[in-house]
Amino acid sequence: MKAAIVGASGAVGQEFLRLLAERRFPMDELVLFGSERSAGRKYNFMGRELEVKLLQHNDDFRDIDVAFVSAGGGTSKEFAETITKHGTIMIDNSSAFRMDADVPLVVPECNAADALVRPRGIIANPNCTTIMMVVVLQPLEELSHIRRIHVSSYQSASGAGAAAMAELQEQYRQLVAGEPVTVQKFPHQLAYNVIPQIDVFTDNGYTKEEMKMFNETRKIMHSDVRCSATCVRVSSLRSHSESVWIETEEPISIAAAREAISHAPGCTLVDDPANLVYPMPLDTAGKDDVFVGRIRRDISDDHSLTLWLSGDQIRKGAALNAVQIAEYLVKMGELK
């Protein structure tokens with residue numbers, strides 16, 4: 001099998017390199033693609049030096065079986081036909097195709113089989129906050145249908161890319177040194193701050209990020225659930241966290257919720273608040289699972305639970321989910 005990474009020099013592209021090596025993805029060859037800015041760069045992969053090729057409208061994807069694409073929505077739209085025209089399966093990390101009816105939107109722990117029906121040869125990777133939330137909600141949905149979700153996200157700098165992570169670190173350095181603070185990647189200074197805006201605002205007062213959580217959750221879970229989100233940028237470096245409230249058709253006991261989450265794929269229960277044990281970004285960075293704690297009954301509604309989760313945005317929120325989709329396709333004989 002021959003695989004490719006498009007956008008190899010970005011934060012998610014670099015995570016793809018690490019994960020494909022760590023998980024021993026069963027491929028014979030890996031090809032890297034990038035923009036004019038990154039073409040020619042060289043990266044070590046499992047003892048071999050790989051050079052980034054310039055992404056072009058040609059036949060470079062003729063023999064490639066699967067392409068992990070993380071180069072932005074504009075690039076995905078422009079090159080989708082070039083990537084897929086010879087049969088390459090494109091697993092796209094941008095928002096370009098997520099809500100297209102003929103493109104499956106997949107989180108393997110929830111709806112892996114959707115990846116088997118892909119008329120355009122494209123599988124979309126969901127938004128990072130949505131991925132982490134639905135991984136945790138799926139085992140609860142199996143106990144009782146979830147009717148409503150209220151969620152506040154606490155999203156790390158990594159969600160805005162590698163340059164944004166560097167800017168946050170530079171802001172702290174500048175503040176300590178008494179220098180003017182550089183603000184380019186965020187609407188405001190992020191260091192020592194929280195910003196209640198991720199992406200642009202829409203006409204209904206929600207941001208595009210918040211509307212993604214509404215729409216993508218319904219598509220992934222095949223559900224009529226309604227999700228109201230407030231997405232906030234915080235000064236953690238690469239793990240997102242979320243405070244989630246759910247209303248279910250039938251009450252779910254705390255014991256049943258903990259049991260379901262503790263056995264759910266992709267979830268780790270970390271829930272001992274009496275001993276100050278709960279998930280935090282410092283602990284979840286670099287980990288594969290979504291970590292869940294502070295599970296409790298909502299005191300305002302007998303049909304509702306609240307919980308807290310935290311997970312690595314670059315891994316499960318992006319690169320890992322895409323690799324897991326490809327691993328499922330290998331398991332089902334779609335990639336060989």
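Heads up: the structure comes first, above all this text.
We now turn to the structure provided with this report. Note that the structure is predicted; figures quoted are calculated from it, not measured. (Residues numbered from 1 in each chain as written. Predicted model: local features only at pLDDT ≥ 70, side-chain atom pairs only at ≥ 80, totals over all residues. Heavy atoms only, no water.)

Here we come to the overall build of the chain. A count of helices and strands for the chain gives nine helices and 14 strands. Taken over the C-alpha trace, the chain has a radius of gyration of 20 Å; the compact-globule value for 336 residues is 20 Å, and the two agree within 12%. Over its C-alpha atoms, taken along the principal directions, the chain stretches across nearly 60 × 55 × 40 Å. Across the chain, every contact between residues at least 6 apart in sequence was considered, and the portion connecting residues at least 24 apart equals 66%. Carbon together with sulfur atoms contributes 49% to the accessible area of the chain, which is approximately 14600 Å² in total. (Helix = DSSP H or I, 4+ residues; strand = E, 2+ residues; numbered from the N terminus. Rg over C-alpha atoms; globule rule 2.2 N^0.38 Å. Contact = heavy atoms within 4.5 Å. Areas by Shrake-Rupley, 256 points an atom, 1.4 Å probe, with all protein chains shown as cover.)

On inspection of all chains with the given rule, the structure shows five aromatic pairs. Here the aromatic rings of Phe33 and Phe61 are separated by 4.5 Å at their centres, their planes lie at 20°, and the arrangement is stacked. Here the residue Phe33 occupies a position in strand β2 (residues 29-34), and Phe61 occupies one in the loop between β5 (53-54) and β6 (66-69), the gap between them amounting to 28 residues. For the pair Phe33 and Phe61, one class covers both residues: buried. (Phe/Tyr/Trp six-rings, centres within 6.5 Å; stacked < 30°, edge-to-face > 60°. Buried < 20%, exposed > 50% of the residue type's maximum accessible area, 1.4 Å probe, protein only.)

What follows covers the packing of helix α1 (residues 11-22) against helix α9 (residues 315-331). Each pair of packed helices can be described by the angle between their axes along with the distance between the axes. Taken N-terminus to C-terminus, the directions of α1 and α9 make an angle of 50°; their axes are 9 Å apart at the nearest point. Classified by the interaxial angle, the pair formed by α1 and α9 is oblique. Every pair of crossing elements has a handedness; the one defined by α1 and α9 is right-handed. Where α1 approaches α9, its residues Val12, Glu15, Phe16, Leu19, Leu20 and Glu22 are matched on the opposing element by Arg315, Ala318, Ala319, Leu320, Ala322 and Val323. For the contact of α1 with α9, the per-class residue count stands at nine nonpolar, no polar and three charged. (Axes fitted to C-alpha atoms, helices over the stretch in contact; angles between N-to-C directions. Parallel < 35°, antiparallel > 145°, perpendicular 65-115°, else oblique. Left-handed = near helix turned anticlockwise from the far one by under 90°. Nonpolar A, V, L, I, M, F, W, Y, C, P; charged D, E, K, R; others polar.)

Position of Ile252 relative to the elements: it lies in the loop between β11 (239-248) and α7 (254-262). In contact with Ile252, other than residues within four places in its own chain, are Leu140, Leu143, Ser144, Ala257, Arg297 and Leu305.

Another aspect to go through is the nonpolar core. Looking at soluble globular proteins, one finds that nonpolar side chains tend to be buried together. In terms of nonpolar packing, the biggest core is built from 53 residues, with Phe61, Leu137, Leu140, Ile149, Val244 and Leu307 touching the most fellow members. The biggest single contributor to this core is helix α4 (residues 128-141), with eight residues. Beyond its immediate chain neighbours, meaning those up to four positions away, Ile149 contacts Met133, Leu137, Thr217, Val225, Arg226, Cys227, Ser228, Val244, Trp245 and Ile246. Judged by nonpolar contacts, the second largest core, of 35 residues, contains Val66, Ile89, Ile91 and Ile123. (Core = buried A, V, L, I, M, F, W, Y, C linked by side-chain atoms within 4.5 Å.)

Taking strand neighbours across the sheet as the criterion, the six strands line up as β5-β2-β1-β6-β7-β8 in an open arrangement whose pairing is parallel. For this open sheet the edge positions go to β5 and β8 (122-124), each flanked by a neighbour on one side alone. Sheet topology note: the β2/β5 ladder contains two bridges and is parallel. Bridge pairing in β5 places Phe33 opposite Lys53. α1 rests against β1 (2-6), β2 and β6 of the sheet, and its axis sits at about 150° to β1. Strands β6, β7 (89-92) and β8 of the sheet are contacted by α9, whose axis makes an angle of about 150° with β7. (Pairing = 2+ DSSP bridges.)

Next up on the list: the packing of α4 against α9. It is the contact of α4 with α9, at a shortest axis distance of 8 Å, that shows an interaxial angle of 85°. Classed by the angle they form, the pair α4 and α9 counts as roughly perpendicular. Judged by residue contacts, Cys128, Ile131 and Val135 of α4 engage Lys316, Gly317 and Asn321 from α9. By residue class, the composition of the contact of α4 with α9 is three nonpolar, two polar and one charged.

The strands making up a sheet are joined through hydrogen bonds of the backbone, oriented either antiparallel or parallel. Across the sheet, six strands lie side by side as β10-β9-β11-β14-β13-β12; this open sheet has mixed pairing. In this open sheet, the two strands that pair with only one neighbour each are β10 (226-233) and β12 (267-269). Sheet twist, expressed as the average angle between the axes of neighbouring strands with direction ignored, equals 25°. Pairing between β12 and strand β13 (residues 290-297): three bridges, direction parallel. In the sheet register, Cys267 faces β13, and the bridge partner there is Val290. Strands in contact with helix α6 (residues 208-221) are β9 (146-155), β10 and β11; relative to β10, the strand with the most contacts, it is inclined by about 145°.

Note: β9 against β11, eight bridges, orientation antiparallel. Each residue of the ladder has a partner; that of Ser153, found in β11, is Glu242.

Let's shift gears to α1. With twelve residues, α1 should reach 16 Å at 1.5 Å per residue; the first-to-last C-alpha distance of 17 Å fits that figure. Taken residue by residue, α1 has Ala11, Val12, Gly13, Gln14, Glu15, Phe16, Leu17, Leu19 and Leu20 as its buried positions. Looking at the buried residues of α1, the elements they touch are β1, β2, β3 (42-45), β6, α5 (162-177) and α9. (Expected span 1.5 Å × (residues − 1).)

As for its placement among the helices and strands, Ile314 is situated in the loop between β14 (304-312) and α9. Accessibility expressed as a relative area gives 3% for Ile314, which makes it buried. Each C-alpha atom, one on Ile314 and one on Asn193, is 22 Å from the other, the two residues being 121 residues apart in sequence.

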